[in-house]
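Topology and contacts: notes
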Number of protein chains: 2
Amino acid sequence: MSKVIYRRRKSVRPAPHPEEPTYGPLTSQELQLAARNHSMPLEVLREDVTPPGLHYVLTHFDIPHVDTAAWHVRIGGAVERAMELGLAALKRDPAISVPVTLECAGNGRSLLRPRPLSQPWTLEGVGTAVWTGVPLAYLLGQAGIDPEATEVVFTGLDEGIQGGVRHHYARSLPIAEALRADVVLAYKMNGADLPPQHGYPLRLVVPGWYGMASVKWLQSIQVVASPFQGFQQSVAYRYQHTAEDAGTPVTRIRVRSLMVPPGIPDFFTRRRHLPRGPVLLRGRAWSGEGPVTGVEVGIDGHWAPAQLDKPAGPFAWRGWSLPWVADPGDHELVCRARDATGAIQPLEQHWNYQGMGNNVAQCVRVTVE
Amino acid sequence: MSKVIYRRRKSVRPAPHPEEPTYGPLTSQELQLAARNHSMPLEVLREDVTPPGLHYVLTHFDIPHVDTAAWHVRIGGAVERAMELGLAALKRDPAISVPVTLECAGNGRSLLRPRPLSQPWTLEGVGTAVWTGVPLAYLLGQAGIDPEATEVVFTGLDEGIQGGVRHHYARSLPIAEALRADVVLAYKMNGADLPPQHGYPLRLVVPGWYGMASVKWLQSIQVVASPFQGFQQSVAYRYQHTAEDAGTPVTRIRVRSLMVPPGIPDFFTRRRHLPRGPVLLRGRAWSGEGPVTGVEVGIDGHWAPAQLDKPAGPFAWRGWSLPWVADPGDHELVCRARDATGAIQPLEQHWNYQGMGNNVAQCVRVTVE
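Residues numbered from 1 in each chain as written. Chains lettered and ligands numbered in written order. Predicted model: local features only at pLDDT ≥ 70, side-chain atom pairs only at ≥ 80, totals over all residues. Heavy atoms only, no water.

1. Overview of the overall build of chain A
Scanning chain A from terminus to terminus reveals 5 helices and 22 strands. For a compact globule of 369 residues, the expected C-alpha radius of gyration is about 21 Å, and chain A comes in at 22 Å, within 12% of that figure. Principal axes of the C-alpha set define a box for chain A whose edges measure 70 × 65 × 45 Å. The 369 residues of chain A split such that 62% are buried. (Helix = DSSP H or I, 4+ residues; strand = E, 2+ residues; numbered from the N terminus. Rg over C-alpha atoms; globule rule 2.2 N^0.38 Å. Buried < 20%, exposed > 50% of the residue type's maximum accessible area, 1.4 Å probe, protein only.)

The following block contains the structure:
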């Protein structure tokens, strides 16, 4: 047994306070988060359904280990009949399968100036899966909701500290959202058991809402009669102008489109290179606020409407394409979508303090040889 | 069709040249790579086999799309019988299953000072899987190797530009390594078809070597009689002191251990918090150069030997554990492994120009309450 003094590596720069916007360089804390939390490589946009292991993942704390035999979810609070259900019981209930595009509310954060200090997503914090499980409304029906109930609170097994507050990850939904026919307590993702990082054995999936609503590793579902004040509801996930501003809650996914980067990449810069001639520009577009009604592609500032594929479901992304004849030189390709509410992606950032909902149009730079 | 000029976002800092070490802040190019390439969250070290989607992934270019019906691998060069084999034919050949820990040669790069500019791994560029497929030696036996042959060159379908050179990803192995009984042309990972990011439909797996040797998306296997000079062999993946130094090739995995971070994390800093009292420190250790023979855990500079689990295979990681009674305050936990060659993890960095093989001991900082 030797005794060695481990010399602490000197930090190159002081650690800034989390959730404080900065013009400074990316911090080691942000790099740790970028390494832990997976995004979907943009070329995978070519797939209708994101293959296993390529859907985005954002885990606030650690991925919990769950003993399936001992696990159950508790349904209680302002209900007539509190229940505890294990996985086998849940699988005997009626099941639905819903194709859903989920996106992290912080997607695009690292592009904001100044940059809010949190998970530094570029643009790939997204994915589409078919989620199978019990309709939440069915289980709430079994439990019977008391008339004074206003929200349903979902609590995960994942525990940690954020903003100085120790808590299990928890979020609430208004009763009306919780009773939507497509809100599912999912135990399968694309036909297989949930992988650990997607909430095994049971997660909520709220189609149309940013991912923070779809609580993973569920341990409890509580019906309540007053607004939930948990950290992830009342402090995190809000559109704020400043730290002092109470802000407004982040809810539905803002309209966005992304493009499969054409051609081949440079390893380090990811700049795209392609031969001259015809190329089909393709991508996906989605919105949680209404159906996507159009995608425009800007090529060096000249905009043209893309052709839209049939939607795969009300809350799954929609394919789009536009033929282009690439002529030699450097080009900027931009795509932006609009939805049935009239919302359209901005060409300049919509800055906010937490870096939420940055649906700025994607720009892909290409060199045609 | 509207016409809008898309204003280019101003870059906060100039892009440095790739593969040039820097003391500077993390660049946007490195962040893009960190977002694309997935690492294994450290809590997943608790699993013998890394669950789907959590094994590390490093893709130099794009993940290719493969049409299985049209795909085949060509075996040729200095052989008696050139062959083309599709997936169905490969599945009729004898199969082996091998548990293997794969690690990226650049794992630990972002901790180096100065920092080589490439994929900025922290410490989690690792994973363990059971790979099933045809022994490479069997297929080489079918083809018949010419007596003058010295190497086997493996070429993937993934194409791009690196260091100014356009190429398909390709690497070679010396004949003696290629004929090892445990080198496998894998079409299954943990019993399922390879996912796209792990080389579907066929990849090489070279147990004991850093991941760059295990070429994905194989399109060709060529036996050659002179040293392969491809970019990924003669320029990338070398231990160099300077840019001018030809260096020595990166081959086998250097001994390393990692710890499951105990307790619960702070979201942003990932600092660990745990209650006072007994806790079992656990982790994994591996080496491509020989069996792991010991792991020591340093607690605030006092070292104690961990207990080793039985190895799961010659090139799969080995579990270790050490009971600790945590007393209130801040502590530094360090683990380091040694292998049968006498190699031991360093406590200070072994710097090299490309940032390869940095097996410096991990340090986990904890606060006991």
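2. Remarks on the environment of E177(A)
Residue and element names in this part refer to chain A. In this structure, E177 sits in helix 4 (residues 175-178). The exposure class assigned to E177 is buried, which follows from its relative accessible area of 15%. With 46 residues separating them in the primary sequence, E177 and V223 have C-alpha atoms 13 Å apart.

3. Structural notes on the interface of chain A and chain B
Accessible area lost upon the coming together of the parts is a frequently used measure of interface size. Counting residues at the interface gives 86 residues for chain A and 86 residues for chain B. Buried surface at the junction of chain A and chain B, summed over both partners, amounts to about 7,800 Å²; 59% is from carbon and sulfur atoms. Counting every contact that joins chain A to chain B gives 8 salt bridges. Measuring nitrogen to oxygen at the nearest pair gives 4.0 Å for the salt bridge that ties E369(B) to R166(A). The interface formed by chain A and chain B holds 27 residue pairs in polar contact (both at pLDDT 80 or more) in total. Elements supplying a minimum of two residues to the side of chain A that touches chain B: helix 1 (28-36), strand 5 (151-162), strand 14 (264-265), strand 15 (272-274), strand 18 (302-305), strand 21 (329-339) and strand 22 (362-368) of chain A. The biggest single contributor to the side of chain A that touches chain B is helix 1 of chain A, with 8 residues. For the side of chain A that touches chain B, a count of residues per class yields 40 nonpolar, 23 polar and 23 charged. (Contact = heavy atoms within 4.5 Å. Buried area = accessible area lost by both parts, 1.4 Å probe. Salt bridge = Lys/Arg side-chain N within 4 Å of Asp/Glu carboxyl O. Polar contact = N/O pair within 3.5 Å; in protein donor to acceptor, adjacent residues only side chain to side chain. Nonpolar A, V, L, I, M, F, W, Y, C, P; charged D, E, K, R; others polar.)

4. A look at unusual backbone geometry
All names here are of chain B. Note that the residue after R113, namely P114, is joined by a cis bond; omega there is -5°. Checked against the element boundaries, P114 lands in the loop between strand 3 (96-103) and strand 4 (126-135). Put simply, Y200 and P201 share a cis peptide bond, and its omega is 5°. As for its placement among the helices and strands, P201 is situated in the loop between strand 8 (192-193) and strand 9 (203-205). The residue N190 is not glycine, and still its phi comes out positive at about 55°. In this structure, N190 sits in the loop between strand 7 (184-189) and strand 8. The phi torsion at D300 lies on the positive side, around 55°, for a residue other than glycine.

5. Some thoughts on the environment of Y353(A)
Inspection of the secondary structure puts Y353(A) in the loop between strand 21 and strand 22. Here the alpha-carbon distance between Y353(A) and H241(A), two residues 112 residues apart in the chain, equals 5.4 Å.

6. So, the relation of the copies chain A and chain B
It takes a turn of 180° to lay chain A on chain B, together with a shift of 0.0 Å along the axis; the resulting RMSD is 0.0 Å. The operation mapping one copy onto its partner corresponds to a two-fold rotation axis. Identified as the residue of chain A closest to the rotation axis by C-alpha distance is G53(A), at 1.7 Å. Both copies contact each other with a shared surface, as 100% of the interface residues of chain A are interface residues in chain B too. (Least-squares fit on C-alpha atoms with pLDDT ≥ 70 in both.)

7. Some words on helix 1 (residues 28-36) of chain B
In terms of burial, helix 1 of chain B is largely enclosed, as 7 of its 9 residues are buried. Elements that come into contact with the buried residues of helix 1 of chain B comprise helix 1 of chain A.

8. Regarding the sheet that holds strand 22 (residues 362-368) of chain B
All names here are of chain B. In spatial order, the strands read 14-15-22-21-17-18; together these 6 strands make up an open sheet with mixed pairing. In the strand order of this sheet, the two ends are held by strand 14 (264-265) and strand 18 (302-305), each with one partner. Pairing of strand 15 (residues 272-274) with strand 22 involves 3 bridges; the strand directions are parallel. The residue of strand 22 that forms the bridge with R272 is V366. (Pairing = 2+ DSSP bridges.)

Distances and angles like these do not, on their own, reveal function.
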